Amino acid sequence: MQFDLLINAIIAGLMLGGFYAAVTAGISISFGMLDIVNIAHPGFIVLGSYIAYIVSANFGIDPIIVAILALPAFYALGTGVYGIYFQSFEKRGQDALRGLAFFFGLLFVTEVTLILVFGVDYRTVDTAYAGGSLKLGIMEFPLRMLVPALVSIAMFAALQLYMSRTFIGRAVMAVSQDPQALELMAIDPTRIKRIAFSISMATCALAGAFLIVIQPVLPSSGREYIGRVFAICVLGGLGSLPGTLIAALLIGVIESIATTFYGPSWAPAVSFGLLLLTLAVRPSGLLGR
Amino acid sequence: MHTPKFTLILVSVAAALFIAFRMIGNDYLFFAGYTVLQYVVIATAWNILGGYCGYVNFGSAGFFAVGVYSTVFFYNIGQQFDFQLPIPVLMVIGGLMAGLLGLGMGYLTLRLRGVFFAIATLALLVVIETFVVNWSFVGGSRGAYIIPPSEIPILGAFIQYLFLLMLILVVLSLVAARTIERSSLGVGFATIRDDELAAEASGVPTLRLKLIATVVSGALFGMAGAPFPYYIGYVEPGSAFNLAYSVNAIAMPMIGGTMTWVGPMVGALLLSTLQQVITVTISSAANLLITGLLLIGFVILAPKGLVGLWQSLTAGRKQT
């Protein structure tokens, strides 16, 4: 086994993992903390990619900056989706499976709408740093991967700070444990969940921009990430943001090594196999509660 | 109504349908009809695990594809010996393979309930797809060609033969679904759906029942998939593992109603006929959009599906 090949596979994996962390952050909040199985999350990420693509292609603004500007729009979208979800499923009782079917349908509607509007061609954006790369000895960091990974980890740190330091963040952690206790303290659990779900949806804007910086995007690109994000979320331990980050980096490295030494067509089987194994052996994940 | 009588009625309806199609004599009708019938089997198969037991399977396309690829596998072996297995035999083999997969999935997800089970099935789908994509004997990502015979003795056109086989499978699966629903097995399934812990505590063998459900459901998917390569003539992973199967498998029972055997059949007949019409008149992308919207609409507005709507309508009329 060539040593520098392995080193570079690990570096590529860490950067890929940084990107996966951004993709999973929202799931970690909605699924891990709120018990809302938003299986449509990857679909909204692709929507984020297309928004970054449209603005970037027309006005030449960097996709990541577009995403930051689009954050409020995605936050509002999250508020809307949660409103429907709450009225139709949560309020009526514990029928999580119908909620699941709802999000599955939403995923398809998002995807097919994108197909009808944009067709099934690959879309790419041009960034100032697309071609460049940073070299340190035998290590190579393509900026196309490095920039999204770094911004993603910054976003992750901000989320973790928000969740652990602010009042609302702590209330979100509390709502996942015991919504009734929260109600006794005169805090509306529905409001807290709505805010948290909206935040989780807002992360789609950024994750979508990262996605289109890293690779060309199709309307159906989201599918590749459905299993992967849940694998990372479950592996990391539900609702634990640090656990999610570790799991994302781990999956990134494992996939990157599988790609380098066995070919890219085997990479998905690795992460999904790991998900099945985690679910079968240790459903509480690495840093599970 | 007892099962033999029910079966007799179902067989006569099927026979009448086949004869009517023969009288019209348009081959396109058989092509479209095959797809509709295939979806009746798929919706019924999904419902045995999802509707009766409450275990949502997102990986339907994987079970379907196991049936598809077992046929491709035996077709390729047959090519080397210049002997082809008849399609009914291939359907039984496909059913066995997918049933075995169902058993494996049941064991693998022993400790998983609800949402975790659903995600695990989605993961299983991708793992199987990755293996097929990397397995060159069955064509890998390039796909495989199946040359269907053009004529069949007695029946004439080959598509009529396929249609007839699928019609028989529809009868079989509806009889199976109805029998399960009315037997002690169905009652056991319902206890799992309502409260698995309580069922376990009161002595229901939940694990064995769950395994029976995954096997029966998987086997029906596999049998529905086995004739598919002969239907389209060229199979590649993208068409066999199409997520549309997974969405339809969920949407059709949910739209029809998941509590009885009628629901999936009604949902499948309506939705897939609608899809056939939309595919021809508008586009195949639009038909998926409508499927998604209908699924969302029904889970929000009519949680018990069309059958539930019908029941509440007739119940209201009796009272007044």
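The rules we used
- Residues numbered from 1 in each chain as written.
- Chains lettered and ligands numbered in written order.
- Predicted model: local features only at pLDDT ≥ 70, side-chain atom pairs only at ≥ 80, totals over all residues.
- Heavy atoms only, no water.
- Helix = DSSP H or I, 4+ residues; strand = E, 2+ residues; numbered from the N terminus.
- Rg over C-alpha atoms; globule rule 2.2 N^0.38 Å.
- Buried < 20%, exposed > 50% of the residue type's maximum accessible area, 1.4 Å probe, protein only.
- Contact = heavy atoms within 4.5 Å.
- Lys, Arg positive; Asp, Glu negative; His and termini not counted.
- Charge placed at Lys NZ, Arg CZ, Asp CG, Glu CD.
- Areas by Shrake-Rupley, 256 points an atom, 1.4 Å probe, with all protein chains shown as cover.
- Expected span 1.5 Å × (residues − 1).
- Axes fitted to C-alpha atoms, helices over the stretch in contact; angles between N-to-C directions.
- Parallel < 35°, antiparallel > 145°, perpendicular 65-115°, else oblique.
- Nonpolar A, V, L, I, M, F, W, Y, C, P; charged D, E, K, R; others polar.
- Buried area = accessible area lost by both parts, 1.4 Å probe.
- Polar contact = N/O pair within 3.5 Å; in protein donor to acceptor, adjacent residues only side chain to side chain.
- Pairing = 2+ DSSP bridges.
- Salt bridge = Lys/Arg side-chain N within 4 Å of Asp/Glu carboxyl O.
- Phe/Tyr/Trp six-rings, centres within 6.5 Å; stacked < 30°, edge-to-face > 60°.
- Lys NZ or Arg CZ within 6 Å of the ring centre and 35° of its normal.
- Core = buried A, V, L, I, M, F, W, Y, C linked by side-chain atoms within 4.5 Å.
- pLDDT = per-residue confidence, 0-100.
- Disulfide = S-S within 2.5 Å.
- Patch = residues over 30% accessible without salt bridge, like charges linked within 9 Å, V, L, I, M, F, W, Y side chains within 5 Å.

1. As for the overall build of chain A
Part 1: A count of helices and strands for chain A gives 11 helices and two strands.
Part 2: Starting at the N terminus and walking to the C terminus, you meet the elements of chain A as α-α-α-α-β-β-α-α-α-α-α-α-α.
Part 3: In summary, chain A has a C-alpha radius of gyration of 19 Å against a globular reference of 19 Å for 289 residues, a match within 12%.
Part 4: For chain A, the spread of C-alpha atoms along the three principal axes comes to 60 × 45 × 35 Å.
Part 5: In chain A, which comprises 289 residues, the share counted as buried stands at 55%.
Part 6: Taking the intrachain contacts of chain A between residues at least 6 apart in sequence as the baseline, contacts between residues at least 24 apart amount to 80%.
Part 7: Side chains of chain A carry 15 positive and 14 negative charges; the gap between the two charge centres is 6 Å.

2. Observations concerning the overall build of chain B
Part 1: Secondary structure summary: chain B contains 15 helices and four strands in total.
Part 2: Here the C-alpha atoms of chain B give a radius of gyration of 19 Å, agreeing with the 20 Å that 2.2 N^0.38 yields for 320 residues.
Part 3: For chain B, the C-alpha atoms occupy an extent of roughly 60 × 45 × 40 Å along the three principal directions.
Part 4: Relative to its full complement of 320 residues, chain B shows a buried share of 58%.
Part 5: Contacts in chain B between residues far apart in sequence, at least 24 positions, make up 79% of those at least 6 positions apart.
Part 6: For chain B, the accessible area works out to roughly 13400 Å², and carbon and sulfur atoms hold 71% of it.
Part 7: Each charge class in chain B can be summarised by its mean position, and for the 13 positive and 10 negative side chains these summaries are 12 Å apart.

3. Remarks on helix 9 (residues 223-236) of chain A
Residue and element names in this part refer to chain A.
Part 1: With 14 residues, helix 9 ought to run about 20 Å at 1.5 Å a step, and its terminal C-alpha atoms sit 21 Å apart, in line with that.
Part 2: Most of helix 9 sits inside the fold, with 12 of its 14 residues counted as buried.
Part 3: What helix 9 keeps buried is the set Tyr-225, Ile-226, Gly-227, Arg-228, Val-229, Phe-230, Ala-231, Ile-232, Cys-233, Val-234, Leu-235 and Gly-236.
Part 4: Positive phi shows up at Gly-237, right after helix 9, with a value of about 95°.

4. Quick notes on the environment of Phe-81 of chain B
Residues and elements named next belong to chain B.
Part 1: Looking at the secondary structure, you find Phe-81 in helix 3 (residues 60-81).
Part 2: Note on Phe-81: relative accessible area 63%, which makes it exposed.
Part 3: Along the primary structure Phe-81 and Pro-153 are separated by 72 residues, whereas in three dimensions their C-alpha atoms are 23 Å apart.

5. Considerations on the packing of helix 2 (residues 27-53) of chain B against helix 12 (residues 243-256) of chain B
Angle between the axes and distance between the axes: these two values describe a pair of packed helices.
Residue and element names in this part refer to chain B.
Part 1: One can describe the packing of helix 2 onto helix 12 by two numbers: an axis separation of 8 Å at closest approach and a directional angle of 75°. Overall, the two elements helix 2 and helix 12 adopt an arrangement that is roughly perpendicular. Here Gln-38, Tyr-39, Ile-42, Ala-43, Trp-46 and Asn-47 of helix 2 come into contact with helix 12, specifically with Tyr-245, Asn-248, Ala-249, Ile-250, Met-252, Pro-253 and Met-254.
Part 2: The class makeup of the residues in the contact of helix 2 with helix 12 is 10 nonpolar, three polar and no charged.

6. A closer look at the interface of chain B and chain A
Part 1: Between chain B and chain A, the residue contacts involve 39 residues of the former and 38 residues of the latter.
Part 2: Where chain B abuts chain A, roughly 3600 Å² becomes buried across the two surfaces, and 83% of that area is made up of carbon and sulfur atoms.
Part 3: It is Phe-116, Ile-119 and Ile-300 of chain B in chain B that bury the most area against chain A; as a group they hold 15% of the surface buried on that side.
Part 4: Joining chain B to chain A, the criterion identifies one residue pair in polar contact (both at pLDDT 80 or more).
Part 5: Contributions of two or more residues to the side of chain B that touches chain A are made by helix 5 (114-133), helix 12 and helix 14 (284-301) of chain B.

7. Let's talk about the pairing of strand 1 (residues 133-136) of chain A
All names here are of chain A.
Part 1: As judged from the four bridges shared by strand 1 and strand 2 (residues 139-142), these two strands associate in the antiparallel manner. The residue bridging Leu-136 from the neighbouring strand is Met-139, located in strand 2.
Part 2: Connecting strand 1 to the next strand, strand 2, in antiparallel fashion are two residues, including Gly-137 with a positive phi near 60°.

8. A few points about the pattern of salt bridges
Part 1: Applying the stated rule across the entire model yields three salt bridges over all chains.
Part 2: Glu-255 of chain A is the salt-bridge partner of Arg-228 of chain A, the closest N and O atoms lying 2.8 Å from each other. Of the two residues, Arg-228 of chain A is situated in helix 9 and Glu-255 of chain A in helix 10 (residues 241-262); the sequence distance between them amounts to 27 residues.
Part 3: For Arg-228 of chain A, a relative accessible area of 9% translates into the label buried.
Part 4: The class of Glu-255 of chain A is buried, set by a relative accessible area of 3%.
Part 5: When the shortest N-O distance is used, the salt bridge between Asp-194 of chain B and Arg-193 of chain B registers 3.7 Å.

9. Some details on the packing of aromatic side chains
Part 1: Applying the stated criterion to the full structure yields 40 aromatic pairs over all chains.
Part 2: Here Phe-18 of chain B and Phe-30 of chain B contribute two aromatic rings whose centre-to-centre distance is 6.1 Å and whose plane-to-plane angle is 70°, an arrangement assigned as edge-to-face. With a gap of 12 residues between them, Phe-18 of chain B in helix 1 (residues 3-24) and Phe-30 of chain B in helix 2 connect regions that are remote in the sequence.
Part 3: Through successive ring pairs, a cluster of aromatic residues spans Tyr-82, Tyr-85, Phe-86, Phe-89, Phe-102, Phe-103 and Phe-197 of chain A.
Part 4: For the cation-ring pair, Arg-228 of chain A lies above Tyr-225 of chain A, with the distance from its terminal atom to the ring centre recorded as 5.5 Å.

10. A look at the nonpolar core
Part 1: Membership of the largest hydrophobic core comes to 208 residues, with the highest contact counts inside it found for Phe-31, Phe-102, Phe-103 and Phe-230 of chain A together with Phe-58 and Tyr-69 of chain B.
Part 2: Among the elements that take part in this core, helix 8 (residues 189-214) of chain A stands out by supplying 16 residues, more than any other.
Part 3: Sequence-distant contacts of Phe-102 of chain A, that is, excluding residues within four places in its chain, are made with Ile-84, Tyr-85 and Phe-89 of chain A together with Ile-296, Val-299 and Ile-300 of chain B.

11. Re the confidence of the model for chain B
Residue and element names in this part refer to chain B.
Part 1: Chain-level pLDDT for chain B is 87 on average; 98% of the residues reach the 70-or-more range.
Part 2: Mean pLDDT values for the elements of chain B range from 72 in strand 2 (residues 151-152) up to 93 in helix 9 (residues 206-225).
Part 3: Interface scoring of the predicted complex returns ipTM 0.80; its pTM is 0.85.

12. A short note on the state of the cysteines
Here a disulfide denotes a covalent bond joining the sulfur atom of one cysteine to the sulfur atom of another.
Part 1: This structure, assessed with the given rule, holds zero disulfides over all chains.
Part 2: With no disulfide of its own, Cys-204 of chain A lies closest to Cys-233 of chain A among cysteine sulfurs, the gap being 13 Å.

13. Details of helix 12 of chain B
Residue and element names in this part refer to chain B.
Part 1: Here helix 12 is 14 residues long and its end C-alpha atoms lie 20 Å apart, about the 20 Å a rise of 1.5 Å per residue gives.
Part 2: Counting buried residues along helix 12, 14 of its 14 residues qualify, which places the element largely inside the surrounding structure.
Part 3: One or two positions beyond helix 12, positive phi appears at Gly-257, with a value near 125°.

14. Some remarks on a nonpolar patch on the surface
Part 1: Taken together, the side chains of Phe-3, Leu-136, Ile-138 and Met-139 of chain A make up a nonpolar region of the molecular surface, amounting to roughly 400 Å² of accessible area.
Part 2: Secondary-structure assignment places Leu-136 of chain A in strand 1.

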